[in-house]
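Observations on chain architecture
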Amino acid sequence: MKTVAVVGASLAGLSAARALRDQGYDGRLVLIGEERHRPYDRPPLSKEFLTGKADEADLALETDDEDLAAEWVLGTRAAGLDTRERAVRLADGGAVRADGVVIATGAAARTLPGSEGLAGVHVLRTLDDARALRDELAHGGRLVVIGGGFVGAEVASTAAVMGLDVTFVVAGPTPLAGPLGPEMAAAVSALHGDHGVRLLCGTGVRGVTATADSPAVVPLGLRGGEAPAGAGARSRVDAVLLDDGRSIPADIVVTGIGATPCTDWLEGSGVALDNGGVRCGADGITSIPGVVAVGDCAAWYDEGFAAHRRIEHWTGANERPATAVAALLSGGTAPLGAPRPPYFWSDQYGVRIQFAGHAALADSVTVEDGDPADRGFLAVYRRAGEPVAVLGMARTKQFTRWRRQLATTAARGGTA
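Residues numbered from 1 in each chain as written. Predicted model: local features only at pLDDT ≥ 70, side-chain atom pairs only at ≥ 80, totals over all residues. Heavy atoms only, no water.

Regarding the sheet that holds strand 5 (residues 87-90)
To be explicit about the condition: Note on pairing: two strands pair once DSSP finds at least 2 bridges between them. Helix and strand assignments come from DSSP, with helices taken as H or I runs of at least 4 residues and strands as E runs of at least 2, each series counted from the N terminus. Interaxial angles span 0 to 180 degrees and are taken between N-to-C directions of axes, which are lines fitted to C-alpha atoms, for helices over the stretch in contact.
Overall, antiparallel pairing links the three strands, which are arranged 4-5-6 in an open sheet. Each having just a single partner strand, strand 4 (78-82) and strand 6 (95-97) make up the two edges of the open sheet. Direction aside, the axes of adjacent strands within the sheet are offset by 20 degrees on average. As paired strands, strand 4 and strand 5 are joined by four bridges and run antiparallel to one another. Its bridge partner being in strand 5, Gly80 is matched across the sheet by Arg89.

In structure tokens form, the structure reads like this:
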């Protein structure tokens, strides 16, 4: 290959570029990014960056002496992939011809339909999102967080520590019930109550209300439709309406209701999509020769589930590109090792929460050390008696040992 284009300049794209150079590729390397920023670390955006403990320089993923000998095309998004001409078409009218393509376009935060342009309503996915939210949180007030994922939980934690009045609204039984299972998620989520956050579970959000220049209240539904007259850019959120009829006063609203893979630019390219993401084999290879996909937009085949699944975690975006790049450079003949079990962490209220494996595979979960009531414990998830996942809350050393054990089991062909 004489030219490789990496489409997406965040962690997964940067990791792919590094892997290309580490694995001996010395040809032309082009990184294309929709954002104007060089690659930066996203996890601190919901924590240290919001509080001011980390600035933009602290977020940089590149080292001072790093030189990938790459061309950077930033501030323009990919608009299409012409697989016949082997070219990535850009929204600004340009194009990058490439023999190999790494798709790493990630995902975009879902918004509340009807709340677009409404002051005080935020998502948190990008550096620009975090800047805007940080400026508002600095003024204090009443914050309502919608959505029970990691972004919502971390923003609620950060804002509570900053002294805001926080209400956390979750449609499910408890925050993090999906990745951790309801029992252990409830134990972890008790942290919110410990720190004065009102946790409202089991109710959806019907809409938000806003105050315009006039004292009129403007309801903005979540199920589509145009905002009524008067709900212009100067209107500001003042409450969140719940499905059960309650109205929660709000000066600021943060929605953490998931993300949508950025794959619209691939329509008509012939690249197969699966469950919204790019359909890949267990090595990142797509349906088109010479094209691989990594990061949040990639749905790799998972033997444990016998299905294609997207892994939206930092470690996946950091580790999997090496496998995909090996497949790209070898034409799919590189030996494929067993993937490490998915791993993620979250810092909430000064407590480190770590998880590895697949909770959905388990038929039982037991607390092996500590006590959930003390907000410090280690729990092991098992299927037919074999460990498939582990959760640690303020148990870093014990968790690390169990994570290694899970990785060893996976390397032997187990289900972890």
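What follows picks up the thread again.
Some thoughts on the pairing of strand 10 (residues 142-146)
Test applied: Relative accessibility thresholds used throughout: buried, under 20% of the residue-type maximum; exposed, over 50%; partly exposed, between the two (1.4 Å probe, protein chains only). Handedness rule for crossovers: strands pointing away from the viewer, path from the first strand over the helix to the second running clockwise, crossover right-handed.
When you tally the buried positions in strand 10, you get four out of five residues, the bulk of the element. Handedness of the strand 10-helix 5 (residues 150-161)-strand 11 (residues 165-170) crossover: right-handed.

What about the pairing of strand 25 (residues 351-357)?
The buried fraction of strand 25 amounts to six of the seven residues, a majority that puts the element mostly inside the structure. In this sheet, strand 25 lies alongside strand 24 (residues 343-348) in antiparallel orientation, the contact comprising six bridges. Following the sheet pairing, Tyr343 is matched in strand 25 by Ala356. What sits between strand 24 and strand 25 in their antiparallel hairpin is a turn of two residues, with Tyr349 showing a positive phi close to 55 degrees. As defined by bridge partners, strand 25 adjoins strand 28 (residues 386-393) across five bridges and the pair is classed as antiparallel. Residue pairing for strand 28: Ile353 is matched across the bridge by Met393.

So, unusual backbone geometry
The backbone of Arg86 shows a phi angle near 55 degrees, a positive value even though the residue is not glycine. With respect to the helices and strands, the residue Arg86 is situated in the loop between strand 4 and strand 5. A relative accessible area of 26% means that Arg86 is categorised as partly exposed. Phi angles above zero are rare outside glycine, and Ala394 is one such case at about 55 degrees.

Focus on the sheet that holds strand 2 (residues 28-33)
What counts is decided by this rule: Contacts between residues were defined by any pair of non-hydrogen atoms, one from each residue, lying within 4.5 Å.
One open sheet accounts for five strands, arranged 3-2-1-7-21; its pairing is parallel. Bordering the open sheet on either side are strand 3 (71-74) and strand 21 (291-293), each of which pairs with just one other strand. The sheet shows a mean angle of 15 degrees between the axes of neighbouring strands, taken without regard to direction. One ladder, built from three bridges, connects strand 7 (residues 100-103) with strand 21; its direction is parallel. Among the inter-strand pairings, Val102 is bridged to a residue of strand 21, identified as Val292. Packing of helix 1 (residues 11-22) onto the sheet brings it into contact with strand 1 (3-7), strand 2, strand 3 and strand 7, and relative to strand 2 it is tilted by some 175 degrees.

Examining helix 9 (residues 396-411)
Here is the rule we go by: Multiplying 1.5 Å by the helix residue count minus one yields the expected span of that helix. Think of the arc as the fan of directions from the helix axis to the C-beta atoms.
Between its terminal C-alpha atoms helix 9 stretches 22 Å, which fits the 22 Å expected from 16 residues at 1.5 Å a residue. Listed in full, the buried residues belonging to helix 9 are Phe399, Trp402, Arg403, Leu406, Thr409 and Ala410. Seen along its axis, helix 9 keeps its buried residues to an arc of 120 degrees; they face one direction. Exposed positions of helix 9 whose direction lies more than 90 degrees from the buried face are Lys397, Arg401, Arg404 and Ala411.

Notes on helix 7 (residues 182-194)
Stated precisely, the cut-off is as follows: Values of bend correspond, residue by residue, to the angle between axes fitted over the seven residues ending at that residue and the seven starting there.
The terminal C-alpha atoms of helix 7 lie 19 Å apart, and with 13 residues this matches the ideal 18 Å at 1.5 Å per residue to within 8%. Of all bends in helix 7, the biggest is about 30 degrees, found at Val188. Taken together, the buried positions of helix 7 are Met184, Ala185, Ala187, Val188, Ser189, Leu191 and His192. Looking one or two places after helix 7, you find Gly196, whose phi comes out positive at around 80 degrees.

Focus on the confidence of the model for the protein
To be explicit about the condition: Values of pLDDT, which run from 0 to 100, indicate the predictor's confidence residue by residue.
For the protein, per-residue confidence averages 92 on the pLDDT scale, and 94% of positions sit at 70 or higher. Note on residues 213-233: pLDDT under 50 across the span, and 38 contacts to partners over four residues away in sequence or across chains.

Here we look at the environment of Val88
Inspection of the secondary structure puts Val88 in strand 5. By relative accessible area, which is 0% here, Val88 ends up buried. Spatially, the C-alpha atom of Val88 lies 9.7 Å from that of Trp265, the residues being 177 residues apart in sequence. The residues touching Val88, leaving out its near neighbours within four places in the chain, are Ala5, Val7, Ile32, Ala78, Gly80, Leu81, Gly94, Ala95, Val96, Val101 and Trp265.

Side note on the side chain of Thr167
Let me state the cut-off plainly: Each polar contact in these results corresponds to two N or O atoms within 3.5 Å; when the atoms are within protein, one needs to be able to donate a hydrogen and the other to accept it, and residues that are neighboring in sequence are counted only if both atoms are side-chain atoms.
Structurally, Thr167 can be placed in strand 11. Within polar-contact distance, the side chain of Thr167 engages the side chain of Arg198 at 3.0 Å. Those residues within four positions of Thr167 in sequence are excluded, and the remaining contacts are Leu143, Val144, Val145, Arg198, Leu200 and Ile248.

With respect to the nonpolar core
The cut-off we apply is this: Put simply, buried Ala, Val, Leu, Ile, Met, Phe, Trp, Tyr and Cys residues joined by side-chain atoms within 4.5 Å make one nonpolar core.
Leu143, Val166, Leu180, Tyr381 and Leu391 are the most contacted members of the largest nonpolar core, which totals 47 residues. Ignoring anything within four residues of it in the chain, the contact list for Leu391 reads Leu180, Met184, Val188, Ile353, Gln354, Phe355, Phe377, Leu378, Ala379, Tyr381 and Phe399. Counting residues in hydrophobic clusters, the runner-up holds 45 residues, among them Ala78, Val102, Val271 and Ala324.

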